[in-house]
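Remarks on the overall topology
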Amino acid sequence: MNVAENTVTLTIDGVPVTIEKGKKIYDAASKAGVYIPGLCYDPKLTRFGGCRMCIVDVTNSRGRTASKWACCEPVADGITVTTDNDKIRKRRQMMMEFLLAWHPLDCPTCNKSGECGLQDATVYINQKHGSRIPTKRRDEPLLMDNPVIEKDFNRCILCGKCVIICDEIQGNRAIDFQRRGFWAEVGTPFRIPLECDYCGQCLHVCPVGSILDHTERFRGHSWEYNRTQTTCPYCAVGCSIFINEKSGKVMKVTSRDDAGINNGNLCARGRFGHEAFQPEDRIRTALIKQGNRLEPASWEEALDRAAGKLKEIKEKHGEQAIAVIGGESLSNEDAYALQKVFRAGLGVTSIDNMANMRNPLLNSGLFEEFGASAPIVTYDAIKSAGSFLFFGCDAEKENPVIANMVRVAMRDNGTPLYVANARNTLFLPIEDARIAMNYGAEASVVSGLIRAAGEAMAEKPANAGDIAKTATMDVEAAAKAAGVAVEDIKKIAAGLAKNGAPLILIGNETVTNPKSAEIVKGLCNLAALLGGKALLYREYCNSQGVNDMGVTPSNLPGYLKADSAEGAAHYSSKWGVELAPAKASDGDIIKRIQSGAVKAVVLAGVDIITQYPGGASIKKALEGMELVVVTSQFVNETVLSANVVLPSASAVERDGTYTNNEGRVQLVRKAVEPAGRAKPEWEIFREIGARLGLAVKHKETRDVTDEIIASVPGYEGMTTLKLSEGEAVVSYPKDGKTAPFQFNAGPFNASAAGFTHVVITGNSLYHLGSLSRHSKTLNEIESRATVEMGLSDAQALKLEDGEEALVESANGSIRAKVKITPRSKSGVVFVTKNFENAPAMSLLAQVGEPVMARIVKAHA
């Protein structure tokens, strides 16, 4: 009997199961906790039905019984399913003999042993012998044609899961079935070297040891590893990962489909970037500058030096002479402790984080500016979206796992996709319509979309007229400014209007645009007009959290205003000190550092010289300061300019929380002991606070987490259970502001005399910040900075793919490898950042300006 219109009830081995229509018998059995061997089955993939191990008996309402494949047979109301009897067991044993005829029984030397689907199935069906079917073995050597994935053709059972996930979830189609008969195999055509995203999705779903992790081979078996669930420390998606540790060493990273928001999906950084957690080049002890050299010191000596000098500088120059900058990979606990110690212990107001320094309106000012229309929404919106619009967003390269979610929605719901970028970004499946606009005309295109969507809508919201007034440029003018056809804008607008509430994903190309705030305002208006939502991509694992925790000059934790009596009173009572409303700091921190107004700076997890524009002038300014305190895992340009260096623990050496793109707070769990004498930042700043006379009672990370939950607006009520189950989502302030927002739709001219190409900087797929640069595997995949350009530009510049080019701007120059790609349209190049030996940020003099460059062949 149906319990709802969209459900059916069936009986499996005598147990009634109610499940949604359209599901398969295998899904219902899994829900009931009934194991069915199925080597080609995966709930997130379309059905293949290749292994034939999931045979069951199905009796319909008329009493007729037939054998069915559980992974392919849809559920029906009133059917009875038998998953195990003598007949079924005999058939499965026969099918197993066919599989074992080709699969070598080399389990003692196979890395998959202990977590192998084939092993589990043989045990379940009581297969006590190998195959009686005579055949010859393939006996082929391992194929090792890339830095990450190894292929053992001898073990492959042709289940097809790797082929399907590469196509449906990753959108690469890098591998497929090749050849026929006995020599049938999965791989690339003619075994050409594998070139793909190296996400390891194929490795994740392979039920046997046919696809192997090159970094893990012969390092251990599954039963030797201790597994710790934590949150990936790279981008802002917030994927759940499992650290596999043996003898104190991180051996590999794995994922589970039933853990976290990522449904088992990971990118190359998340799956193969784990070598960066415990490299040999870690800073393992505190360092103090003696003369021109950094020399090892005890923690007590380093902390005394830092705290003593901070007090001295405050007494001599005042609190305005001290500045604090936090990194976007700090945990919430680190960030909270950092700002608390310096606000409560020294009265410092010059506190900021890298994301906010680059774009305050979209960080510390996001909720004040946008209120209830702020572009932040949970990933559930992906499943329910009527359509997708990627705006200034290279979806599959920036946040690959969000791209995986989008592909699933497109596959399962038929959700259409539209793209509007200044680069020809690629995405599979192909979008329904695309605009490749002139750089600088993004706000104009948004205005055109608002106008065209308003005309295409059958039913308009009550405020449609007010939203239309913000679109000061009509479709024809927008198309002319953007260099696109009027019909292209109208086609996207009509698609967005007719398919239901859209989800607009806003990426790096928009965030780094000089008119980013105007573009985002316009996109929020477009979303409001169509009843949809917008999601602004964050860059690092805790870019959102450091803003939530008040590592900004204008906000206390929870976005209480630092200069308000309300904010001061709230944290005075929470911290047990008398806080006065903060006086606004005198200008931008970087400008104050460069001018000499700042005498001491604390840099927590930040390589400011490499990662911020104007690095050369920042380095010169740091060298002239009275005190530079740096917390870091690695030696970098900023560390070399420090007076005191405090070694910080990596993400797998500490506990805490991160807040991801959607405002979801997730646990970070300690898996291994810290390297040398490294400590988590919250503990480092607790010790500095104690030396400043601040009564800091935190003994462990959980104490800081509890204080955040008890003190920070929006984080209240986050229990340990909610955090551990990923159900803790921040309640952000909504001050009543909603779209429409006034925005400047006019284009700007990105040009400069003598410079011919617009430069867009961003992260590569394989590197993010400095952390990934300490992964041997990721460096083997991509070892240096690249400049991506279109074929026409390369031909005009007489450059060839792989050749070295010099990228020169008015502010600086770097060398980068040429990568010819259809991703870049004529006149626009993309330069990967994060390479310390080719710092792309040195091409910029300051944030908020378009970067123009000339590109020439580099000479030795």
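Residues numbered from 1 in each chain as written. Predicted model: local features only at pLDDT ≥ 70, side-chain atom pairs only at ≥ 80, totals over all residues. Heavy atoms only, no water.

Let's talk about the overall build of the protein chain
- Helix and strand content of the protein chain: 30 helices and 33 strands.
- A globule of 860 residues ought to have a C-alpha radius of gyration of about 29 Å, and the protein chain, at 28 Å, matches this closely.
- Across its three principal axes, the protein chain shows a C-alpha extent of roughly 90 × 65 × 65 Å.
- Out of the 860 residues in the protein chain, the part that is buried amounts to 59%.
- When contacts within the protein chain are restricted to residue pairs at least 6 apart in sequence, long-range pairs at least 24 apart make up 72% of them. (Helix = DSSP H or I, 4+ residues; strand = E, 2+ residues; numbered from the N terminus. Rg over C-alpha atoms; globule rule 2.2 N^0.38 Å. Buried < 20%, exposed > 50% of the residue type's maximum accessible area, 1.4 Å probe, protein only. Contact = heavy atoms within 4.5 Å.)

Quick notes on the pattern of salt bridges
- Under the defined criterion, the tally for this structure stands at 53 salt bridges.
- For Asp258, the salt bridge goes to Arg256, with nearest N and O atoms at 2.8 Å.
- Owing to a relative accessible area of 42%, Arg256 belongs among the partly exposed residues under this scheme.
- Salt bridges sharing common partners tie together Asp304, Lys679, Glu683, Arg686, Glu687 and Arg691. (Salt bridge = Lys/Arg side-chain N within 4 Å of Asp/Glu carboxyl O.)

Some words on empty space enclosed by the protein
- Evaluation of the coordinates by the stated rule reveals 6 cavities of 30 Å³ or more.
- Estimates place the volume of the largest cavity at around 270 Å³.
- Going through the elements one at a time, strand S6 (149–151), strand S8 (185–187) and helix H5 (201–205) are the ones with two or more residues in the lining of the largest cavity.
- Broken down by element, the lining of the largest cavity gets its largest block of residues, 3 residues, from S6.
- The class makeup of the residues in the lining of the largest cavity is 14 nonpolar, 7 polar and 3 charged. (1 Å grid on protein atoms, 1.4 Å probe; cavity = no way out; pocket = protein on both sides within 12 Å on 5 of 7 lines; lining within 4 Å. Points joined across faces, edges and corners; volume = space filled by probe spheres on them. Nonpolar A, V, L, I, M, F, W, Y, C, P; charged D, E, K, R; others polar.)

Here we look at the packing of aromatic side chains
- If you walk through the whole model with that rule in mind, you get 15 aromatic pairs.
- Where Tyr35 meets Tyr124, the ring centres are 4.8 Å apart and the plane angle is 80 degrees; that geometry is what we call edge-to-face. Here Tyr35 is found in the loop between helix H1 (25–31) and strand S3 (55–59), whereas its partner Tyr124 is found in helix H3 (residues 117–124), with 89 residues between them in sequence.
- Residue Tyr35 is classed as partly exposed on the basis of its relative accessible area of 35%.
- Owing to a relative accessible area of 31%, Tyr124 belongs among the partly exposed residues under this scheme.
- Ring centres 4.9 Å apart and planes at 85 degrees place the aromatic pair Phe182 and Trp183 in the edge-to-face group.
- Look at Trp183 and you get partly exposed, because its relative accessible area is 33%.
- A connected cluster of aromatic rings, assembled from ring pairs, spans Trp102, Phe182 and Trp183.
- The ring of Phe830 has Arg423 lying over it, and the distance from NZ or CZ to the ring centre is 4.1 Å. (Phe/Tyr/Trp six-rings, centres within 6.5 Å; stacked < 30°, edge-to-face > 60°. Lys NZ or Arg CZ within 6 Å of the ring centre and 35° of its normal.)

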